[in-house]
Amino acid sequence: MTELRELYQQIILDHNKNPRNFGKIDAANRVREGYNPLCGDHLHVYLHVAGDTIADISFEGSGCAISKASASLMTAALKGKPVPEAVAMFEKFQEMVTAEVDAPVDDQSLGKMAVFAGVREFPMRVKCATLAWHTMKAAVDEDQAPVSTE
Ligand code: ZN
């Protein structure tokens, strides 16, 4: 378990230091802003939705390592995915991070994002991990209200 924890740490540190898909997309047709006042995480998620597919996705902003790594891994996982699949992943992710500490993790469908199961032990960090996801979900839903975890 210690080795696994170290691996998880490494993935989070790597994505925090070198976030994937960081920056604006000029062709974005959905942009949403997300804010987690509890921690100060603040980001924008950019999407280029073509038909029913997320043709491109990126994010920009600042926040703690968990919020940035989560946004980075999310964009990497969702690029090229059909919108309904992205929404299903959002639900799975949300379910995983809010589950009981010892509940099994579906790493088959969540892939590297399973690393965030560790935040279950730190309820304050759950919002850091889910901020990018809530923002993405609001963008695909075209919900116009500002996204806040509060
Ligand atoms: Zn945070």
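The structure under discussion appears in the preceding block.
What comes next concerns the included structure.

What counts and what doesn't
- Residues numbered from 1 in each chain as written.
- Predicted model: local features only at pLDDT ≥ 70, side-chain atom pairs only at ≥ 80, totals over all residues.
- Heavy atoms only, no water.
- Helix = DSSP H or I, 4+ residues; strand = E, 2+ residues; numbered from the N terminus.
- Rg over C-alpha atoms; globule rule 2.2 N^0.38 Å.
- Buried < 20%, exposed > 50% of the residue type's maximum accessible area, 1.4 Å probe, protein only.
- Areas by Shrake-Rupley, 256 points an atom, 1.4 Å probe, with all protein chains shown as cover.
- Lys, Arg positive; Asp, Glu negative; His and termini not counted.
- Charge placed at Lys NZ, Arg CZ, Asp CG, Glu CD.
- 1 Å grid on protein atoms, 1.4 Å probe; cavity = no way out; pocket = protein on both sides within 12 Å on 5 of 7 lines; lining within 4 Å.
- Points joined across faces, edges and corners; volume = space filled by probe spheres on them.
- Donors = N, O, S within 2.8 Å, 3.2 Å for Na, K, Ca; no water.
- Salt bridge = Lys/Arg side-chain N within 4 Å of Asp/Glu carboxyl O.

**Quick word on the overall build of the protein chain**
Reasoning step 1: Across its full length, the protein chain carries five helices and four strands.
Reasoning step 2: Start at the N end of the protein chain and walk to the C end: the helices and strands fall as α-β-β-β-α-α-α-α-β.
Reasoning step 3: A compact globule built from 150 residues would reach a C-alpha radius of gyration of about 15 Å, and the protein chain, at 14 Å, matches this within 12%.
Reasoning step 4: Taken along its principal axes, the extent of the C-alpha atoms in the protein chain is 45 × 30 × 25 Å.
Reasoning step 5: Out of the 150 residues in the protein chain, the part that is buried amounts to 42%.
Reasoning step 6: Counting every atom, the protein chain has about 7,800 Å² of accessible surface; 51% of that belongs to carbon and sulfur.
Reasoning step 7: Separation of charge centres in the protein chain, based on 15 positive and 21 negative side chains, amounts to 4 Å.

**Thoughts on the layout of surface pockets**
Reasoning step 1: For the largest pocket, the calculated volume is near 520 Å³.
Reasoning step 2: In terms of lining residues, the largest pocket is bounded by 20 residues, among which Arg-5, Tyr-8, Val-115, Gly-118 and Val-119 are the most central.
Reasoning step 3: Looking at the lining of the largest pocket, the elements that each hand over two or more residues are α1 (2-17) and α2 (65-78).
Reasoning step 4: Top element by residues in the lining of the largest pocket is α1. It accounts for six residues.

**Overview of the coordination of the zinc ion**
Reasoning step 1: Coordination of the zinc ion by the protein involves Cys-39 (SG), Asp-41 (OD), Asp-41 (OD), Cys-64 (SG) and Cys-128 (SG), with metal-donor separations of 2.2 to 2.6 Å.
Reasoning step 2: Taken in chain order, the donor set of the zinc ion reads C-x1-D-x22-C-x63-C. In this pair, Cys-64 is assigned in the loop between β3 (53-62) and α2 and Cys-128 in helix α5 (residues 123-141), connecting sequence segments 64 residues apart. Grouping residues by exposure puts Cys-64 and Cys-128 together as buried.

**Structural notes on the pattern of salt bridges**
Reasoning step 1: Counted according to the given criterion, the structure contains three salt bridges.
Reasoning step 2: The partner of Arg-20 in a salt bridge is Asp-14, and the shortest N-O contact between them spans 2.8 Å.
Reasoning step 3: Classification of Asp-14 as partly exposed rests on a relative accessible area of 31%.
Reasoning step 4: The residue Asp-141 makes a salt bridge to Lys-137 at a minimum N-O spacing of 2.8 Å. With Asp-141 and Lys-137 both in helix α5 and four residues apart, this pair spans about one turn of that helix.

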